[in-house]
Structure formats: C-alpha cells, structure tokens
Amino acid sequence: MSEVKLSAEVRTEFGKGAARRARRANLVPGVVYGHGATPVHVNLPGHALLLALRTKNVLISLEVEGKTTFVLPKAVQRDAIKGFLKHVDLLTVKRGEKVNVEVAVHTEGELAPGGGLLEHVLNALPVEAEATHIPTSVSVSIEGLEAGAAILAKDITLPEGTVLTIDGDTVVIQVVAPQAEEPADESAAPAETTEA
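Every chain is numbered independently, its residues counted from 1 as its sequence is written. For a predicted model such as this one, the threshold for reporting local features is a pLDDT of at least 70, and the threshold for listing and counting side-chain atom pairs is 80 or more; totals across whole chains, interfaces and linings nevertheless cover every residue. Hydrogens and water molecules were not included; the side-chain quantities draw on all heavy atoms of the structure.

> How would you summarise the overall build of the chain if you had to cite specific residues and measurements?
Each helix is a run of DSSP H or I of at least 4 residues and each strand a run of E of at least 2, with the numbering of both proceeding from the N terminus. Secondary structure assignment for the chain yields two helices and 13 strands. Computed over the C-alpha atoms, the radius of gyration of the chain is 24 Å, more than 25% above the 16 Å expected from 2.2 N^0.38 for a compact globule of 196 residues. For the exposure calls, accessible area comes from a 1.4 Å probe over protein chains only, and a residue counts as buried if that area is under 20% of its type's maximum, exposed if over 50%, partly exposed in between. Relative to its 196 residues, the chain shows a buried fraction of 32%. Two residues form a contact once any of their heavy atoms are found within 4.5 Å. In the chain, of all internal contacts separated by at least 6 residues, the share reaching a separation of at least 24 is 62%. Just so you have it, the chain exposes about 12,300 Å², and 49% of that area is on carbon and sulfur atoms. Treating the 18 positive side-chain charges of the chain as one cloud and the 26 negative ones as another, the clouds have centres 21 Å apart. The atom set for the radius of gyration is the C-alpha atoms, and the globule formula is 2.2 Å times the number of residues raised to the power 0.38. Only the protein chains shown count as covering a residue, and every accessible area follows the Shrake-Rupley method with a 1.4 Å probe. Note on charges: Lys and Arg go in the positive column, Asp and Glu in the negative column, and His and the chain ends are not counted at all. Each charge is placed at NZ for Lys, CZ for Arg, CG for Asp and CD for Glu.

> Can you break down the sheet that holds strand S13 (residues 171-176) residue by residue, with the values?
Any two strands with at least two DSSP-identified bridges between them are counted as paired. What the three strands build is an open sheet, ordered S8-S13-S11; its pairing is antiparallel. Only two strands of the sheet have a single neighbouring strand rather than two, namely strand S8 (117-120) and strand S11 (150-152). If you compare each strand with its neighbour and ignore which way they point, the axes differ by 10° on average. Working convention: axes come from line fits to C-alpha atoms, limited for helices to the stretch in contact. Angles between N-to-C directions cover 0 to 180 degrees.

> Residue-level account of the pairing of S13, with values.
Alignment of S8 against S13, held across four bridges, turns out to be antiparallel. Bridge pairing in S13 links Leu117 to Val176. Inspection of the sheet shows S11 paired to S13 by three bridges, in the antiparallel sense. Across the sheet, residue Ala150 finds its bridge partner in S13, namely Gln174.

> For helix H1 (residues 16-24), give the residues involved together with the corresponding values.
Looking at H1, one finds that the buried residues are Ala18, Ala19 and Ala22. Relative to the axis of H1, the buried residues are bounded by an arc of 100° and lie together on one face. For H1, the exposed residues set more than 90 degrees away from the buried face come down to Lys16 and Arg24. In the core, the buried residues of H1 are packed alongside strand S2 (27-34) and strand S3 (37-45). The arc in question is the one traced by the directions running from the helix axis out to the C-beta atoms.

> Let's hear about the pairing of strand S7 (residues 98-108): which residues, and what values?
Bridge count for S7 against strand S9 (residues 124-130) is seven bridges, and the pairing is antiparallel. Looking at S9, one finds that Asn100 is bridged to Glu128. Looking at chain direction, S7 and strand S10 (residues 137-141) are connected through five bridges and run parallel. For Thr107, the partnering residue across the bridge sits in S10 and is Val140.

> With reference to specific residues and values, describe the nonpolar core.
The criterion is simple. A nonpolar core is a set of buried Ala, Val, Leu, Ile, Met, Phe, Trp, Tyr and Cys residues joined through side-chain atoms within 4.5 Å. Residues Val93, Val99, Val105, Leu125, Ile156 and Val172 are the most contacted members of the largest nonpolar core, which totals 21 residues. Elements supplying a minimum of two residues to this core: strand S5 (67-78), S7, S9, S10 and S13. Ranked by the residues each element gives to this core, the list is headed by S7, at four residues. Ignoring any residue separated from it by four or fewer positions in sequence, one finds Leu125 in contact with Val101, Glu102, Val103, Val105, Val138, Ala153, Ile156, Leu158, Leu164, Ile166 and Val172. In terms of nonpolar packing, the next biggest core, distinct from the first, is built from 16 residues, Ala8, Val32, Ile60 and Val71 among them.

> Lay out the sheet that holds S7 with the relevant residues and their values.
Taken together, the four strands give an open sheet; going across it, the order is S10-S7-S9-S12, and neighbouring strands pair in mixed fashion. In this open sheet, the two edge strands, each paired with only one partner strand, are S10 and strand S12 (163-164).

Put into structure tokens, the structure is as follows:
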C-alpha cells in the first residue's frame, strides 16, 4: 500500500471559467466527500496528483486548511485528447474502515510448452480491504499450466485482511488452445466469365 501526502486549497470559485484558471495554474479541481460530511471543493497540485494516480488505489494523506484526512480517488476525469487531469473525486476513509476496491492481477512464470494462450478474464480482482492496507496488486503463478487450465478467484492468495467480493468460482485466468486458421478453399471461388 502506498501513501502519498498532498496539500490542497479550498476552492472559492466555481464553473468552467474557474476550472480553466485553476488548470492554467497547474491545479486540478476536485471534491472531497464521505462519512456524511459536507463535500469540500478543493484545488490540488496537478503534477503531484498525476504522479500519485499512477498507483492504483493510492491512499492520499490530504491536508486542507491544516487538517489531514485520508482519501481514495473514486473518479478521475481526464481530457480525452491531451490526457491532462480535469477533475477528481476523493472519498474520505478512516483507519480500520473496510472499502471495496479492485486490485490488479499479475502473473508469474511460464506456461507449459505447446503454444497455449493466456487469457485474462479479469485484469483486476474485486476485494474488500482495510482502507489503509489496500494491496497494490496480487500475483498468481501460471508456471507449467496447459491448455484447458483455469485459475479461479478462490485459488489466488490474498494478503491478510483482504477478502474477495465476488464468487470464489469466478474464472480469473485461463489457458486456451491456439485456434488454427482453416486454409481458404480456392476451388470454391466462382470462375470469372467474360462476355463478348
């Protein structure tokens, strides 16, 4: 679990014009909400936030007006063309609180010889974990698996305190046999005729 410290300032201006001015100043408009508290509209440092969001499920220790709160990114809006951050929604969390997140699934090892293809049915595993101990990813060994083999959600070892929020019999990874392409049947093509 990675934790990043950021400072934010409370937003007093709203609307598209205010958002554009904030982005020109390398700030990202956002809102902090959760636990029944009144949402707080903030501007966050753009570059630092961009770096923090490279880690999925990053826990952010956010300081606003001298008060520090733990938050998780819930919704991030990016510009469709240039990719810069337009807005971020941050959910307030507390130590010991359980949250539902998706954790990336990474594979280790090599498949058995024979040309089987690895198919990720799920790239991320839905789990419940303590907000301050969210795993960044889970690893699963595919060493020696042959075509037809599958790894179910219940087969993946999760860190202590983390539990699945999907059916344990859900297929996460499977090995499929490569599909051979059928040769084109050239004799079935209609013969070309020429008219005089």
